Amino acid sequence: MQTKLKGKHFITTQDWTVQELKTLFELAKRLKVEYAAGKFHRNLQGKSLGMIFFDPSTRTRTSFEAAMTQLGGHSIFFAPQTMQISHGEGAVDTAKVLSGYLQGIAVRFCAYGEGNRYLEELRAASRVPIVNMQCDIYHPAQILADYFTITEHFGENTRGLKLGVSWTSAPNYIRPLSVPQSLILMMPRFGIDVTLAHPPEFELMPEVVEQAKKNAEEAGVKFEISHKMEDAFEDADVVIPKSWGPLVYTQNEREGLKLIEKYPGWVADEKRMSLTKPHSLYMHPLPADRGKEVTPGVIDGPHSVVYQEAENRLHVQKALLSLIL
Ligand code: CP
């Protein structure tokens, strides 16, 4: 167990060792049980977390705010248009000033090519930990909840499990690459074999894929990429099918939306779920586009653990904040 984590940034799980992540999961488990027993904590009393949301959120905002409250701390919600960011104040001044008031700065900024860069600029200038609440490259808090949910069903030894991460066709807007990228990076480090499936135009960032391959090699697990959705489902213990944009291929929004419509058959449906193992889990970070990327029979069916997964955001983030603030 590695417990000296005060002040540690949380921008990607790559910056955390497996031992450090295990410490976090152990604490999350305890906090979840204590929450069920009605036990609240005061370990963050007097501490404040600033949360800047460049993009909308239901789960992330609510779970981080509730986490701070339940630990005796306080959170401040910022919309950039209500800050001097809207008049051009840069990341360095924002970080230096907010570091003087707060014990942590959390940010969601998903604009492709901008979000992670902004977080890194904050990190370089901040005297308090920077927490990534989703950027264009990573969504690490989501993946903590995903892994924690998997361990609740399969136990803490996850070596040998197969996870299928698949693209799905969800219209109307371009979703970031951050969830599948964070999944392929972290899951192999915990011994999980990963199959990633997507149409050719929906590849992930090459440098992230290279790092995921390296992580898998170091952990002695499989990491495969396919252009056939069924390959992610075949014999899987867990499937996480969700949509993302063809952002590596094109950043033209209209072209991206047309490409999503090119593959309407990429749906998580009962037929594909029947390819998975009998005890398999269907997971999705939500929001899901019901009836488009997933059938109601799957998302509301016996394999689905999407609400447990969403609730676990609270518990893993309480552990994260307790350790770093
Ligand atoms: N999964 C997730 O991050 O949900 P929100 O966009 O609602 O925060």
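Residues numbered from 1 in each chain as written. Predicted model: local features only at pLDDT ≥ 70, side-chain atom pairs only at ≥ 80, totals over all residues. Heavy atoms only, no water.

1. Here we look at the overall build of the protein
Consideration 1: The helix and strand inventory of the protein stands at twelve helices and nine strands.
Consideration 2: Its C-alpha atoms give the protein a radius of gyration of 19 Å, near enough to 20 Å, the size a compact globule of 325 residues would have.
Consideration 3: Dimensions of the protein, computed from the C-alpha atoms along their principal axes, are close to 55 × 45 × 35 Å.
Consideration 4: Burial status across the protein gives 59% buried among its 325 residues.
Consideration 5: Here the contacts in the protein between residues at least 6 apart in sequence split such that 82% fall between residues at least 24 apart.
Consideration 6: Entry remark: accessible area of the protein is about 13,600 Å², with carbon and sulfur atoms responsible for 50%. (Helix = DSSP H or I, 4+ residues; strand = E, 2+ residues; numbered from the N terminus. Rg over C-alpha atoms; globule rule 2.2 N^0.38 Å. Buried < 20%, exposed > 50% of the residue type's maximum accessible area, 1.4 Å probe, protein only. Contact = heavy atoms within 4.5 Å. Areas by Shrake-Rupley, 256 points an atom, 1.4 Å probe, with all protein chains shown as cover.)

2. Considerations on the sheet that holds strand β6 (residues 193-197)
Consideration 1: Taken together, five strands build an open sheet; the order of strands is β7-β6-β5-β8-β9 and the sheet is parallel. Unpaired on one side and paired on the other, β7 (223-226) and β9 (281-282) mark the two borders of the sheet.
Consideration 2: Across four bridges, β6 lies against β7 in parallel orientation. Note that in β7 the partner of Thr195 across the bridge is Glu224. (Pairing = 2+ DSSP bridges.)

3. A short note on the nonpolar core
Consideration 1: Ranked by size, the top nonpolar core spans 106 residues in total, and within it Leu24, Phe25, Leu163, Ile184, Met187, Tyr282 and Leu321 carry the most contacts.
Consideration 2: Counting residues per element, this core draws most heavily on helix α12 (residues 306-324), which supplies eight residues.
Consideration 3: Two domains each provide a minimum of three residues to this core, namely domain 1 (13-139 + 313-324) and domain 2 (142-309). (Core = buried A, V, L, I, M, F, W, Y, C linked by side-chain atoms within 4.5 Å. Domains from an automatic or database assignment.)

4. Some thoughts on helix α2 (residues 59-70)
Consideration 1: Between the first and last C-alpha of α2 there are 16 Å, a value that for twelve residues agrees with the 16 Å anticipated at 1.5 Å per step.
Consideration 2: Thr60, Ser63, Phe64, Ala67, Met68 and Gln70 are the residues of α2 that are buried. Viewed end-on, α2 has its buried residues packed into an arc of 170°, placing them on one side of the element. Residues of α2 that are exposed and point over 90 degrees away from its buried face: Thr62 and Thr69.
Consideration 3: The first or second residue beyond α2 is Gly72, which carries a positive phi of 85°. (Expected span 1.5 Å × (residues − 1). Arc of directions from axis to C-beta.)

5. Looking at the side chain of Asp237
Consideration 1: Mapped onto the fold, Asp237 is located in the loop between α8 (229-233) and β8 (238-242).
Consideration 2: In this structure the side chain of Asp237 is engaged in a polar contact, spanning 3.2 Å, whose partner is the side chain of Lys277.
Consideration 3: Setting aside anything within four residues of it in sequence, one finds Asp237 in contact with Phe154, Gly160, Leu161, Lys162, Lys277, His279, Ser280 and Leu281. (Polar contact = N/O pair within 3.5 Å; in protein donor to acceptor, adjacent residues only side chain to side chain.)

6. With respect to the pairing of β8
Consideration 1: Counted residue by residue, β8 has five buried out of five residues, so it is predominantly covered.
Consideration 2: Here β8 shows two buried faces, one formed by Val238, Ile240 and Lys242 and the other by Val239 and Pro241.
Consideration 3: Here strand β5 (residues 162-167) pairs with β8 via five bridges, running parallel. Of the residues in β8, the one forming a bridge with Val165 is Ile240.
Consideration 4: Note that β8 and β9 share two bridges and pair parallel.

7. Some thoughts on the domain arrangement of the protein
Interfaces are often described in size by the accessible area the parts lose on coming together.
Consideration 1: Domain annotation for the protein reports domain 1 (13-139 + 313-324) and domain 2 (142-309).
Consideration 2: Taking the mean C-alpha position of each, domain 1 and domain 2 sit 24 Å from one another.
Consideration 3: Between domain 1 and domain 2, the residue contacts involve 23 residues of the former and 30 residues of the latter.
Consideration 4: Interface area, domain 1 with domain 2, both sides summed: about 2,300 Å², of which 63% is carbon and sulfur.
Consideration 5: Taken together, the connections running from domain 1 to domain 2 amount to two salt bridges.
Consideration 6: The residue Lys29 makes a salt bridge to Glu156 at a minimum N-O spacing of 2.9 Å.
Consideration 7: Those elements that place two or more of their residues in the side of domain 1 that touches domain 2 are α1 (18-36), β4 (130-135) and α12.
Consideration 8: Taken together, the residues that form the side of domain 1 that touches domain 2 break down as twelve nonpolar, five polar and six charged. (Buried area = accessible area lost by both parts, 1.4 Å probe. Salt bridge = Lys/Arg side-chain N within 4 Å of Asp/Glu carboxyl O. Nonpolar A, V, L, I, M, F, W, Y, C, P; charged D, E, K, R; others polar.)

8. Remarks on the state of the cysteines
Consideration 1: For the structure shown, the criterion picks out zero disulfides.
Consideration 2: With no disulfide partner, Cys110 has as its closest neighbouring cysteine sulfur the one in Cys135, 7.2 Å distant. (Disulfide = S-S within 2.5 Å.)

9. Things to note about the packing of α1 against α12
Consideration 1: Viewed as axis vectors pointing N to C, α1 and α12 meet at an angle of 115°, and their least axial separation amounts to 8 Å. As summarised for this structure, α1 and α12 are arranged roughly perpendicular, according to the angle between their axes. Pair α1 / α12 crosses with right-handed handedness. Seen from α1, the contacting residues are Thr23, Leu24, Phe25, Leu27, Ala28, Leu31, Lys32 and Tyr35; seen from α12, they are Gln308, Glu311, Asn312, Leu314, His315, Val316, Lys318, Ala319, Leu320, Ser322 and Leu323.
Consideration 2: Looking at the contact of α1 with α12 residue by residue, the class counts come to eleven nonpolar, five polar and three charged. (Axes fitted to C-alpha atoms, helices over the stretch in contact; angles between N-to-C directions. Parallel < 35°, antiparallel > 145°, perpendicular 65-115°, else oblique. Left-handed = near helix turned anticlockwise from the far one by under 90°.)

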